[in-house]
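Architecture at a glance
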Amino acid sequence: MQLPVRQGKDRYYKGYRDLERSVVSIKGEKPSVLLYYAFDWRTRVGPFVGLDLPLANLGIRDVAGALYSAGFKKTRVVFGNWNPNFDFRYARIDDNVPEVLGVGSLQINSADANDKIKQAVSLGEERPLIIGGGPHAIYQPWKYFGIGGYRNIGVDVAVRGEQNVVLGLMEVFLNYKARNGRMLEAFRNARRDGALNQVPGLMYMAEDGSHLVDTGIPRVIEDYDELPPEIFGLSLLERKSRSRKGLNDKPAPLDKLKRDGIIISTVMSRGCNLRCSFCPIPAQQQYTLRAKSPEKVVSDLTTILDKTGVIAFFGTDDNAAFNRQNLENHYGAMARSGLGRRIFLAT
């Protein structure tokens, strides 16, 4: 499935840090957010069986880190592969139901994603604003709506882009939230006024329920060095538990993650210069090739290693070898910093 793309420089979102500062500056307390990474134990596939259970997924962690850096300090990340018994109906942050539930999912894990959405909807008047994300939203966002044929069961909005789309959406909601105090009402009022249409990369149900609204092709973040440190998202994880339904009072301490035997996914670059007919990634990345600076790569990995003690990393680059010089710069910087003797990085 090949996605539509923007052309030329219009593909890039410039000024991510300015957007972050704008969100931070909005007055009032930021709402609590729970981000859930869906995982269906029935659809585990090779060659990732074994690696999939201890892996700390990067995508939803990066979204959490972006929210945290923008002032959403009451943010928590729950991995379905770590917490198979989690039930959103039991989740509380500071003794309250989280105001926002974000669900990230692959298509093969959509059954678990749908279960969490149903749990949230079942809370009635207490239910949160529900946002769908991940590859499921990028490639088939319409499947997040009308789950099981029930019009009232589904996400409120699907996000089909990167952190800039998430923060752009939150900026709209926070400006409306100041008027009524609840994120779900902020969504409904923003939808009524057409304010969501100013953020490319969204899909939501029209107010009368007659059709889905697509706000256009999202832009990709131009400068990867503008993104928050990866350690931010890691500091927001719910600890592993095979039995717990709700949340602990606090996220897992960073220095305890190693004891849980986790593998940390990381990224140095995005995009691929190949054009394989079966692969949708180049188009999903707007046919761009973007990379962190060697300095940011070393900084992210060193900070994670020093604070967690975890030495096992899994690189999630689309094609780490898309540029030989880029690859040499990254690995050369890691070698000079001494990281090459301290961590194991598989890509």
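Shown above is the structure to which this text applies.
Below: a short report on this structure.

**Remarks on helix H6 (residues 183–193)**
- What H6 keeps buried is the set Met 183, Leu 184, Ala 186, Phe 187, Asn 189, Ala 190 and Arg 191.
- In the segment just after H6, Gly 194 is the residue with positive phi, at about 75°.

**Some words on the packing of helix H9 (residues 294–308) against helix H10 (residues 324–337)**
- Between H9 and H10, the least distance of the axes is 9 Å, while the angle of their chain directions is 50°. In this view, H9 runs oblique relative to H10, as classed from their interaxial angle. The element H9 and its partner H10 pack so that their crossing is right-handed. Judged by residue contacts, Pro 294, Val 297, Val 298 and Leu 301 of H9 engage Asn 329, His 330, Ala 333, Met 334 and Ser 337 from H10.
- For the contact of H9 with H10, the per-class residue count stands at six nonpolar, three polar and no charged.

**Some remarks on the sheet that holds strand S15 (residues 344–346)**
- The four strands lie next to each other as S3-S11-S14-S15, forming an open sheet whose pairing is parallel. Every interior strand has two partners, whereas the edge strands, strand S3 (55–56) and S15, have only one.

**A look at the sheet that holds strand S7 (residues 157–159)**
- Here seven strands make up an open sheet; going across it, the order is S4-S2-S5-S6-S7-S8-S9 and the pairing mixed. The open sheet has two free edges, formed respectively by strand S4 (75–79) and strand S9 (212–214), since each of these has just one partner strand. The mean inter-strand angle of the sheet, taken between neighbouring strand axes irrespective of direction, is 20°.
- Examined bridge by bridge, strand S2 (residues 33–37) and S4 share five bridges and lie parallel to one another. Its bridge partner being in S4, Leu 35 is matched across the sheet by Val 77.
- In this fold helix H3 (residues 110–121) packs onto S2, strand S5 (100–104) and strand S6 (129–133), with an angle of close to 170° to the strand it touches most, S5.

**Brief notes about the side chain of Ser 105**
- By the secondary structure assignment, Ser 105 is in the loop between S5 and H3.
- Since its relative accessible area comes to 1%, Ser 105 is described here as buried.
- Apart from residues lying up to four places away in sequence, Ser 105 is in contact with Ala 38, Ser 110, Ala 113, Gly 133, Gly 134, Pro 135, His 136 and Tyr 144.

**Overview of the packing of aromatic side chains**
- This model, assessed by the stated rule, comprises six aromatic pairs.
- Plain terms: the ring middles of Tyr 37 and Phe 79 are 6.0 Å apart, the flat faces sit at 85° to each other, and that makes the pair edge-to-face. Here Tyr 37 is found in strand S2, whereas its partner Phe 79 is found in strand S4, with 42 residues between them in sequence. There is no split in this pair, since Tyr 37 and Phe 79 are both buried.
- Ring geometry for Tyr 68 versus Phe 232: centroids 5.6 Å apart, planes at 70°, classification edge-to-face. Of the two residues, Tyr 68 sits in helix H2 (residues 58–69) while Phe 232 sits in helix H7 (residues 230–234), which places them 164 residues apart along the sequence.
- Tyr 68 gets classed as partly exposed once you look at its relative accessible area, which sits at 25%.
- Taken together, the aromatic side chains of Tyr 37, Phe 79 and Trp 82 make up a single cluster linked through ring pairs.
- The ring of Tyr 68 is capped by Lys 73, whose NZ or CZ atom sits 3.9 Å from the centre of that ring.

Cut-offs and rules
Note that residues are indexed from 1 along each chain, following the sequence as it is written. Predicted model: local features are reported for residues with pLDDT of at least 70 only, side-chain atom pairs are reported and counted for 80 or more only, and whole-chain, interface and lining totals are derived from all residues. As a rule here, side-chain values cover all heavy atoms of the structure and leave hydrogens and water aside. Relative accessibility decides the category of a residue: with a 1.4 Å probe and only protein chains considered, values under 20% of the type maximum give buried, values over 50% give exposed, and everything between is partly exposed. Numbering of helices and strands starts at the N terminus; helices are DSSP runs of H or I of at least 4 residues and strands are runs of E of at least 2. Axis definition: a line fitted to C-alpha atoms, limited for helices to the stretch in contact. Angles are taken between N-to-C directions and run from 0 to 180 degrees. Any angle that falls under 35 degrees is termed roughly parallel, while one over 145 is termed roughly antiparallel, one within 65 to 115 roughly perpendicular, and all others oblique. We call a crossing left-handed when the near helix sits turned anticlockwise from the far one by less than a right angle, and right-handed when that turn is clockwise. Pairs of residues are marked as contacts when any of their non-hydrogen atoms sit within 4.5 Å. Under the scheme applied here, ten amino acids are nonpolar (Ala, Val, Leu, Ile, Met, Phe, Trp, Tyr, Cys and Pro), four are charged (Asp, Glu, Lys and Arg), and all others, including Gly, are polar. When DSSP finds at least two bridges between two strands, those strands are taken to pair. Stacked, tilted and edge-to-face are the three classes assigned to paired rings of Phe, Tyr and Trp, where Trp is represented by its six-membered ring and a pair needs centres within 6.5 Å; plane angles under 30 degrees give stacked, over 60 edge-to-face, the rest tilted. Two thresholds decide whether a charge sits over a ring: the Lys NZ or Arg CZ must be within 6 Å of the ring centre and within 35 degrees of the ring normal.

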